[in-house]
Amino acid sequence: MSAVSTGSSSRPLVVTGVHLADGTGTDLAIVDGRFVEVSDAPSDAERIDAGGLIALPGLVDLHAHLREPGREDAETVESGTRAAARGGYTAVFAMPNLTPTTDTAEAAQYVADLGRRDGSCEVVPIGAVTKGREGHELAELGLMAATGVRVFSDDGACVSDSLLMRRALTYLKPYDGVVAQHAQDPRLAGPGACAHESEISGRLGLGGWPTVAESTIIARDVMLAEFTGGRYHACHLSTAESVDVIRWAKKRGINVTAEVTPHHLLLDTPHVETYDTTFKVNPPLRTSEHLEAVREALADGTIDIVGTDHAPHAVQDKDHPFDVALPGMLGLEQALAVVKELMVDTGRMDWATLVERMSATPARIGRLAHQGRPIAVGEPANLVLVDPTRRATVDKNTSASRSRNNPYHGRELPDPVELTVWAGRITYRR
Ligand code: DOR
Ligand code: ZN
C-alpha cells in the first residue's frame, strides 16, 4: 500500500464565469474527480456562478506541522487539513516531528492513513533524516522511500553533522528523494537564543540567532549537494545571505531549491518587542533588509516556493517567558492572503507565477505528480476559487486550527478563498 493518499470524488460540478491565472475566461466542469468538457457534465451537476473570481490550481504546502500523532491538543490531521482547505490547499506535506517521530515506514504509513481517514486535503508524510530527529544515525530512508516518501527532513532541528548530510544526500539519490534542511547551526546560537541577533535582541535581553547560523549551513549543504549529486531543499529562508548562497548555487547548476514562509515575508523583528510569544519562531523574524531580500528572491525565482511552516502550539506551550515558549506560528489559512498582498497586489508577481510558487513547484519538489497540475480537461480537479478584491480583519478565534498562535490576528489582509475543491470534492466553501 502506498503512503500517498488520493481523494475521493463526489457530485459533478459546473463552475461558470471564472478567469484562470493567465487571464483567460472560461467555464469549468468536474466529474469523477477530473476536469471534463462542460458539454460532458450531467444535467444534475451542481452549478456555481463564479463571475469575478479567479480559479487557481489547488495549493500545495511542502512544509506543515499537523501534530498528530502526539499533540492532538494542538492540532489533528482533521483540524489542520480543514485549515489547509480554508487556505486553498489541496495537499500538505506533514513534517515528521511527531510522537512517535515519522522515522520508519510504519510511522509514515500511519500519517498517510490518518490523512485518508480524516483529511480535507491530501496528506503526504515527510520522513525524518535521522532516527528520532536526534542527528546521530540515519533513519530508515530506503524503507520509507519504498512506501512512497520522497521528502526527508529533521525540521525543528538542523542536520548539523556534515557526514550525515553527505550520506543522506547520497542514499536518497536512487529514490529521487530530497533532503529538506532546517538550516540553523546550534553551535552558533547565543545563550537562550530565541530572536534575531540584533540591536533589538540586545536591548530586550533576548538570546540571539545570528544570520550566519543559517547561511553557513546552507553554504556547506549546497557544496555537499554538488559533491554527491543529491537533491537538496532549504526550508524557510530568512536571510539575505542565504538568498545569495542559493542564487550562487543555482547559477553553478547545483540541484537545490529554496522556500520562504509567509511570516518571513511579512513580519519583521520589531514584532518581538512586545514579548508576545506568538512571534517566537525558528528561524526568527528578521529585519526589513532581509524581508526585502526574500521578497525579491521569491519574485525572481531564486526562492522556488512558499511553504507555510504552519506550526500550531497549545496555549500552555506559548504562555511562558519568551525564551521558554515553544517556537512556531500558524500559516495555512493566511498564506495565500499574505503572498497576494505582498507580491501580487504590489505588481511584483502575477497570478501565474504565484501558482508556480504555491502549487506547481512544491508538488514537483515533493514528486506529487497528480497535484500542482494545470486546470485543464483530463487533469485532476484540484482547485481554489479566489476573490481578488475581498479583504477582512483576521480573527484567530474563527480559525479551523485547534491552536490560536496566529501572528496575523487583528491585521487587515486579503480574504481571497471562496471555494476549495480537492479531487472533485468541495472541501471548503465560504
Ligand atoms: O518555529 C518553528 N516551529 N520552527 C520549526 O522549524 C519547527 C516548528 C514547530 O514544529 O513548532
Ligand atoms: Zn517547520
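Residues numbered from 1 in each chain as written. Chains lettered and ligands numbered in written order. Predicted model: local features only at pLDDT ≥ 70, side-chain atom pairs only at ≥ 80, totals over all residues. Heavy atoms only, no water.

### Some remarks on the pairing of strand S10 (residues 178-181)
Argument step 1. Burial of the side chains of S10 extends over both faces: Val178 and Ala180 are buried on one face and Val179 and Gln181 on the other.
Argument step 2. Relative to S10, strand S9 (residues 151-152) runs parallel, the two being bridged by two bridges. Along S10, the bridge assignment pairs Phe152 with Val179.
Argument step 3. Taken together, S9, helix H4 (residues 162-172) and S10 form a β-α-β motif whose crossover is right-handed.
Argument step 4. Examined bridge by bridge, S10 and strand S13 (residues 231-234) share four bridges and lie parallel to one another. In the sheet register, Gln181 faces S13, and the bridge partner there is Ala234. (Buried < 20%, exposed > 50% of the residue type's maximum accessible area, 1.4 Å probe, protein only. Helix = DSSP H or I, 4+ residues; strand = E, 2+ residues; numbered from the N terminus. Pairing = 2+ DSSP bridges. Right-handed = clockwise from strand over helix to strand, strands pointing away.)

### A short note on the packing of helix H1 (residues 77-86) against helix H2 (residues 105-118)
The angle between the axes and the distance between the axes are what describe a pair of packed helices.
Argument step 1. Contact geometry of H1 with H2 gives a least axis separation of 9 Å together with a crossing angle of 65°. As summarised for this structure, H1 and H2 are arranged roughly perpendicular, according to the angle between their axes. Considering only the axes of H1 and H2, their crossing is right-handed. Touching Val77, Glu78 and Thr81 of H1 are Leu114, Gly115 and Asp118, all from H2.
Argument step 2. Its residues assigned to classes, the contact of H1 with H2 comprises two nonpolar, two polar and two charged. (Axes fitted to C-alpha atoms, helices over the stretch in contact; angles between N-to-C directions. Parallel < 35°, antiparallel > 145°, perpendicular 65-115°, else oblique. Left-handed = near helix turned anticlockwise from the far one by under 90°. Contact = heavy atoms within 4.5 Å. Nonpolar A, V, L, I, M, F, W, Y, C, P; charged D, E, K, R; others polar.)

### Structural notes on the pairing of strand S16 (residues 383-386)
Argument step 1. The side-chain alternation of S16 yields two buried faces, one formed by Leu383 and Leu385 and the other by Val384 and Val386.
Argument step 2. Bridging between strand S5 (residues 54-57) and S16 involves four bridges; their strand directions are antiparallel. Each bridged residue has a counterpart across the sheet, and for Leu56 the counterpart in S16 is Val384.
Argument step 3. Note: S16 against strand S19 (residues 417-422), four bridges, orientation antiparallel. When the bridges of S19 are listed, Val384 appears paired with Thr420.

### What to know about the packing of H4 against helix H6 (residues 212-228)
Argument step 1. Between H4 and H6, the shortest axis-to-axis distance is 9 Å and the interhelical angle comes to 40°. With respect to H6, the axis of H4 lies oblique. You can see that H4 and H6 cross each other, and the crossing is right-handed. Here H4 contributes Ser162, Met165, Arg166, Leu169 and Thr170 to the contact with H6, which in turn contributes Arg220, Asp221, Leu224, Ala225, Phe227 and Thr228.
Argument step 2. Across the contact of H4 with H6, the residue classes tally to five nonpolar, three polar and three charged.

### Details of the coordination of the zinc ion (ligand 2)
Argument step 1. Every protein donor of the zinc ion (ligand 2) is accounted for by His63 (NE2), His65 (NE2), Asp155 (OD) and Asp309 (OD), and the metal-donor separations fall at 2.0 to 2.2 Å.
Argument step 2. Classification of the site at the zinc ion (ligand 2) rests on its four donor atoms, whose angles at the metal span 84 to 170°, yielding the label irregular.
Argument step 3. Within one chain, the residues donating to the zinc ion (ligand 2) are spaced in sequence as H-x1-H-x89-D-x153-D. Within this pair, whereas His65 is found in the loop between strand S6 (59-64) and H1, its partner Asp155 is found in the loop between S9 and H4, the two being separated by 90 residues in sequence.
Argument step 4. You can call His65 buried: its relative accessible area is 4%.
Argument step 5. Under the relative-accessibility criterion, Asp155 is labelled buried at 2%. (Donors = N, O, S within 2.8 Å, 3.2 Å for Na, K, Ca; no water. Tetrahedral: all angles 85-135°; square planar, octahedral: opposite > 155°, others 65-115°.)

All quantities given are derived from atomic positions and should not be read as evidence of function.
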